[in-house]
Each structure stands twice: as C-alpha cells, then as structure tokens.
Amino acid sequence: MSDLTKFFNRWGLPWKRGTWTALKSARLQLRFLLPLVITLIAAAYVSVPLLDQVTLRWFSRDLNSRGVLVANALSDSVADAMFNDRAYRLIPIFDRAAQDERLFALGLCDPDGRLLQRTGRFPDDLGCAEALRLAQQVDPRLSLAGGPVHVGVHRVMGHRPSPSSGEEGASEPVLLSDPEPVPSLQLPPVDELVGNLVLLHDMSFIERRSQETSRYLIGLITVLGLVIALITIVVAQLSWRGWVNGARAIMRGEGLLSPLLPAPELAPFAADLRARLRDLEDEYRRAQGPEAEWTADRLRTLLRTQLVGDQVIVVSNREPYIHERTADGIVVKRPASGLVTAVEPVMRACSGTWVAHGSGSADRDVVDASDRVRVPPGSDDYWLRRIWMTAEEEQGYYYGFANEGMWPLCHVAHVRPVFRESDWEAYRAINQRFADAVIAEARGDDPVVLVQDYHFALLPAMIREKLPQATILTFWHIPWPNPESFGICPWRREILQGMLGSTILGFHTRFHCKNFIETVDRYLEARIEHEHSTIAYQEKETLVESYPISIEWPSDAEVAAWAPVAACRQTVIERLGLPADVCLAVGVDRFDYTKGILERLNAVERLLEKWPSWIGRFVFVQVAAPTRTALDEYRSFQERIERVTLRINERFGRSGYQPVHLLAQHHEHDAVMELFRAADICVVTSLHDGMNLVCKEFVAARDDLRGVLVLSRFAGASRELAEALIVNPYHVEETADALHRAALMPLAEQRERMSSLRSTVREFNVFRWAGRMLADAGRWRLRARIEARVRRHQTG
Ligand code: F6P
C-alpha cells in the first residue's frame, strides 16, 4: 500500500481506483500551471507601476494642455489688468476659473517672479520661483495636505496699448468729413511677457483613476490567467489522454495498419517503442514457448474430441522398430528415416496400428500369429503390423519402382528415373498387399488411415475401393515436381488416380501442392477448385493441403539427460583426434545423391582454398548412413564421395590434421545429438528435399543458443527457418562464403538466430503437423456425417 493510500485510509477519505490517476494528472497539470501563475504575478508586479507612470505622464500632458487653454483664455484679461495696473480685477476672474473641479488654485507672477495675485487655495509657501522649478520637472507634482496637485506655469503674452489708443476698448472717433486718411507709419504692436500664470490642478482624480486602472489590469490579468489555465488544463488533459491512448495503441500493436493512428506527436518515438516492444515480445515468446503449443497431450485430446472412437492406422514402408539377429541375441534398432522420426511420436500419442514392411532379420521371430508386435519395446504404446515380401518383390517395388523411378522423378536431382514394367507390377502388387492388410486391420468401415510417402501412390484408391467411408490422409514426404517432369512417368495417370483416392493429400509446402494440382490438371479430367484447393475426380473429392512436417521437441527430461555442450565437444574432439581450437562443421544424412553431400565437400574445399588460414583449424565431419546400397546409383555415389574426401584430405591435410572426416555408418540418435551439440556449424545442402528434419534436430539440440545452420534453399525447411544462412548448394562460392561467415559469426548473432530458429521449430513441431491433418480429417468426417444424415432425411 502506498503512503498516499494509507493517508486516504487514515482520514477516512474515499479511495477509488481513479483517485490515484486523478492525482497524477493533477500533478501533471500543476507542472503547466505553476509557471503560468508565477509568470502572471510577475507580469502584474511589473506592469502595474509601469501603467501608473504612463497614465501619470498622459494626464500630466493632458493637464498641461488644459493649462495652456486656461492661460490663453485668461491672457487678454491678465494683459489688460497688468498693463493698466488693475491686477485686483483679476481676482473674480481667477475665482471663477478655479471653480472648475480639477483646477485647484491659480496664481499670477509678474515677469520678475513676484506673486501678484492668487486664489484662496493657492498654498502660502509656494513662490513663483518654486512653482517654475516644479513645473519644469518630469513629474510636476506638489504634495499638499489635501492631496497632490499638478503644477503648471504658463507664460501670458500681450502687447501694450499704444499711447494714442487710450483705454483699452476705446478708439479714436472717425469724422465723415475728414479727407482720406493717410496711412499710419506706426510699427505693428509687439507681444511681450505680461506674467506667468501658475495653475495648480487637482491630481486626486488621477490617483483615483490610476488605482481603478490598476484594479482593472489586475482583474484582467487574473481573468486572462484563469482562461489560459483552463485552456492549458483542458489541452494538457486531452493531450495527455491522447498520448497515453496513443502509447497504449502502439503497445497493443495498433497504429501500423489500423486507421486509428496514434497522436502524431508520438511519431518520433513510436518506431523506437514498437521496436523495443517487439524485442521484448520476442524475448518473452522465446522464454515462454508458443502459446498454444502442440504436444502429445493436445494431440490425444484432439483424437478424443474430434475423432472420438475412431481407429487410426498408419501405413509406411519403413518400420519404426527393426528387430535384428546378432551374436548377442535379438536387438531392436531405429532406422535412419525422417519419416519414422516424424510419425513415431504421433503414433505413441494416439495408439492405433502401424502397418510397415518387416525388414529386420528377427522381425518374424517377435510377431504374433497376426504378424503384430507391441512397440516401442518396453512401453508398448501401439501395434506394429508387419508385411512380408520376398527379395524379388522388394527389388521391384522398393528398389525398382519406388527408388529408381519415383524418387529421382520427384526430386529432379539430375539422376534419371528408371521405369521397368516388372517394377511397376511389383509396386502394384505390394500396394495391394498393404491395402489388404489395412482392410484387415480396420475394425469398422471408416477408419482414419495415414498413408505415408511415395511407396504407396496406389494405396489410397485401393483402400477406398473396399472402405469407401474411410478417411484416408496421404502424406507425400518428398517433393512433387512440375507437370513436365512428372509427365515422363509411363504410369502417370494411374499414380494420380491412386493418390486421388485420398480424402486429404498433404505435401510439405504450398509449392508442391501447386505442382500436384497442375499435374492433375494436365493429365486427368478432374474438376479443380483452386479457391478451396480441392480436386473432384470421379465424384470423389480430395483436399490438397500443405502440412510442414517437423520433429518432436525434446522434453525437459531428455534435455536434462544430455551431456553439457563442452563435454560433447571434448568427447568428439578426442574421438576424432581434432585440434582443440577446431571450428567444427557437421553434416548428418543418409548417403543419398539428393542430399548435396558432394556439393558441400566442394564448398569445404573452396573454403580452404580461398581462406588458407582455416587450414589446420576447420574440420568437416560428415555422417552418412548407407542407404539403398543395392542400387548402382547409390553405390557409385558413395564411392565418388569417398574419392572426393580423399582428394581434399590429401590436398589440405597435415600431420595431425584431416579436414574432412567421412563417417559412413548409421549413428544412433544419441550419437547424432552429441555431434550436433559439439558442432559450430551444421550443413544441410540438399539439392531437393521435401522438408529435411536434420536441420530441425540440430536446432533442437542447441539449447545453449550457439551454432550456425547453413541450409539449402531447395529444402522445404528453408521456408520456415529463415534465420539460417540460406544457400544455393549448386553455387560453390556462395556455400563456401556461407561456411566462412558461419565460422566467424559473433556469438550474439548466433544467439539471436538460434533463439528464433528454436522458437519456430518448437512451435511448428510434429504434433502440430499431425494435429492439423487430423483436425482437417475430423472436420471432413463431420461434414460427411451431416451430408449422410441430410440424404437420409431426403430419401426418408
Ligand atoms: O524423405 C522421405 C523419406 O521417406 C524419409 O522419410 C526417409 O528418410 C527416406 O525417404 C526413405 O528412406 P528409406 O528408403 O531408407 O526408407
């Protein structure tokens, strides 16, 4: 409780929420008012005496003029009286003149300065010389007992009457009989000083007027002050409110686009304020994580609410757990597969059944009579239903059509697709086998089936044929090419028809969706609604939507189990015999020609060539898990990478220093995490990739906010991870420069970029990917149920 609140409470004064605000605003207004009041008082203090002086001068001038008038009016009488020695005659004239209320007294001095006549109130002690002295002053004032008087001395001029003229007013009589008068030779009369008229004007009225004027002036200043204060208070109050509202609007994020722009006075610091707010918001978001983060629990809730009671079946070629027979017995392995990385946490969250190829040497040993086994080992969250195939079938379906045909067809990575009739037949047969398994696993006629990837282009239509009510979500994990590239496939129509058996068809990016829709438009007679991104084909509608896939954000428990970054670095340095101050760049991929491994080696070579100072200090470690080694293309690619690695090491290697370490074996998840945490740079230079999860794993591993991601612009992930250093891997120079820049990047910049990358990956996690798809499926099913009910009402 503030002191002020206590004060109000103690005195029993009503203390409302607004009281404090009102007091604050009063304080603000006082800041304006105090200087105003002080200024007005000073103005009054200076102006009142000034005005006194000015009015006195005006009145004095006025009285002088009046004095001249009076003197002129009396001059003839005075002259006459003086020249005729009849000064006594002036008394009644003077007394009459002194009846004027402002004329206090009159006196007449002769030219020698003797006072000849005076009226009754003329002061006894005022002589002519003194009167003249006073009259010559700026302030000709004389203080008397009855109040001050203004002293004016005015010369009275006149001309003496000529000796012939006799008495004034008398004139020589003129005779009619007289001859023509002869012009007189007399000079004209000359004016001479007759005397000085001393006029004493009453000044009390001036004082009265001056006091009145001062009162008016003070009143005027007071009124003016009050009006100014009022205007100031109102303007200050309005401006203050305007500024407060403006600042609030800026803080709410309005004013950028909103028509209610904040006060223009705020413009100079509005940009700063917004920038600071954004910084704070970013920091807060990073610290808090996404508001409504997608988690396994949220996904489960979604399944319980929107797909309540619905069965979820996943279909993929690669199984999430492989049982292998070894000398030590059966061991369980996790495959190096982005698909498995993404789908497995979803399956753990929603249970259900996963149908996949049983490829492990001990897979058959652990399944039940229905070829099913509970996984993950130990927690048994869901069923894994294994599908068997012969080596020949695998050759045609998996190696042949899927990986020699569809894979290069969709990736457009300068490896020619190979299409064999026999492969196509095997592909069709295996797709049918998986479809049969799904149908067998379905408990009802409308399961939710999640079909994964390019191994199963025909599966959706096959399932739809038997289970028309099923909701089939097909996710295509690899890119979709443009219609021309896809057009070289001899079975393009069948593939498109098979895929359009899906209820929802998902790609990683809008770009791939667009390519697919254009391909259908080119090769099938279908109705496309671009606005809704739907394709109606043979009375069946498919929604084509982008769902960027991701990883499961590591849990707190998982993070806590990680070794510290320094320890990871030390372990990796010791294991590989690297220099202690090494700048460590890593790449983790399957040994696939689409991953751009050759291009990144070229970039490393160029880096060492262009900046020789890195020799001995820069090391690139490439983990490359062998994959599809049965295919020539993959074997020769691996050999080529090995040759290039050797060449670079021979060229730049020194005793105790090997610039490139090629680790061509599968690494378990923990080992990959350790490498990511030890690294300064992670390099992902795919020539074409649907999404690429390696870069997201790297970001998730760096809770220390260090490390730089160099990412290909041809990986779907580059659309989301804009804070990575984005490169064109075909441009060796550009990629080498990016490595150089990454190696020299200041820690603060690394922090900034990594924080942002982490909040993106954390928010756009795999549960969001699955959640969005399943939510769309839920809506779709609801719509289908409503339509079915409407039809029943219509027919009933
Ligand atoms: O990129 C698509 C994808 O299905 C990945 O999920 C996976 O890593 C790869 O292709 C397939 O690998 P494999 O042929 O070894 O299953």
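Residues numbered from 1 in each chain as written. Predicted model: local features only at pLDDT ≥ 70, side-chain atom pairs only at ≥ 80, totals over all residues. Heavy atoms only, no water.

Participant: Give me the sheet that holds strand β15 (residues 527-529): which residues, what numbers.
Facilitator: Taken in spatial order, the 10 strands make up an open sheet running β10-β11-β9-β6-β12-β13-β14-β17-β16-β15, and their pairing is mixed. With partners counted over all chains shown, the strands left at the sheet margins are β10 (372-375) and β15, one partner each. Neighbour-to-neighbour, the strand axes of this sheet turn through a mean angle of 20 degrees, independent of strand direction. Examined bridge by bridge, β10 and strand β11 (residues 382-387) share four bridges and lie antiparallel to one another. Pairing of Val 375 across the sheet is with Tyr 382, part of β11. Relative to the sheet, helix α12 (residues 459-466) contacts β6 (312-316), β12 (448-452), β13 (471-475) and β17 (540-546), its axis offset from that of β13 by approximately 175 degrees. (Pairing = 2+ DSSP bridges. Helix = DSSP H or I, 4+ residues; strand = E, 2+ residues; numbered from the N terminus. Axes fitted to C-alpha atoms, helices over the stretch in contact; angles between N-to-C directions. Contact = heavy atoms within 4.5 Å.)

Participant: Lay out the pairing of β13 with the relevant residues and their values.
Facilitator: Taken across its five residues, β13 has five buried, putting it largely inside the fold. Judged by which residues are buried, β13 turns out to be covered on both faces: Thr 471, Leu 473 and Phe 475 on one side and Ile 472 and Thr 474 on the other are all buried. Bridging between β12 and β13 involves five bridges; their strand directions are parallel. Residue pairing for β13: Val 451 is matched across the bridge by Thr 474. Taken together, β12, α12 and β13 form a β-α-β motif whose crossover is right-handed. (Buried < 20%, exposed > 50% of the residue type's maximum accessible area, 1.4 Å probe, protein only. Right-handed = clockwise from strand over helix to strand, strands pointing away.)

Participant: How would you explain the site of the ligand if you had to name every residue and give the values?
Facilitator: Around the ligand, the structure places Arg 318, Ser 337, Gly 338, Leu 339, Tyr 398, Trp 407, Asp 453, His 477, Ile 478, Arg 590, Thr 627 and Arg 628. Contacts to the ligand include Asp 453, whose side-chain N or O atom sits 2.4 Å from an oxygen atom. Within the side chain of Arg 628, a nitrogen or oxygen atom sits 2.9 Å from an oxygen atom of the ligand. Relative to its free-state accessible area of 390 Å², the ligand is covered by the protein chains to the extent of 90%. Contributions of two or more residues to the shell around the ligand are made by α8 (338-350) and α10 (391-411). (Near = heavy atom within 4 Å. Polar contact = N/O pair within 3.5 Å; in protein donor to acceptor, adjacent residues only side chain to side chain. Areas by Shrake-Rupley, 256 points an atom, 1.4 Å probe, with all protein chains shown as cover.)

Participant: So what's going on with the state of the cysteines? Residues and values would help.
Facilitator: The tally for this structure, following the rule as stated, stands at one disulfide. One disulfide bridge connects Cys 109 with Cys 128, the sulfur atoms lying 1.9 Å from each other. Measuring the twist about the S-S bond at about -95 degrees, one finds the Cys 109-Cys 128 disulfide to be left-handed. Note that Cys 109 is positioned in strand β1 (residues 103-109) and Cys 128 in helix α4 (residues 128-135), a separation of 19 residues in sequence. By relative accessible area, Cys 109 is classed as buried at 3%. Its relative accessible area of 10% is what places Cys 128 among the buried residues. Take Cys 410: it sits in no disulfide, and the sulfur closest to it among the cysteines is that of Cys 489, at 8.8 Å. The buried category is assigned to Cys 489, whose relative accessible area is 0%. (Disulfide = S-S within 2.5 Å.)

Participant: Outline the packing of helix α11 (residues 421-441) against α12, listing residues and values.
Facilitator: At a closest axis distance of 9 Å, the pairing of α11 and α12 adopts a crossing angle of 40 degrees. In this view, α11 runs oblique relative to α12, as classed from their interaxial angle. At the point where α11 passes α12, the crossing takes the right-handed sense. Where α11 abuts α12, its residues Arg 428, Asn 431, Gln 432, Phe 434, Ala 435, Val 438 and Ile 439 lie against Leu 459, Met 462, Ile 463 and Lys 466. Taken together, the residues of the contact of α11 with α12 break down into seven nonpolar, two polar and two charged. (Parallel < 35°, antiparallel > 145°, perpendicular 65-115°, else oblique. Left-handed = near helix turned anticlockwise from the far one by under 90°. Nonpolar A, V, L, I, M, F, W, Y, C, P; charged D, E, K, R; others polar.)

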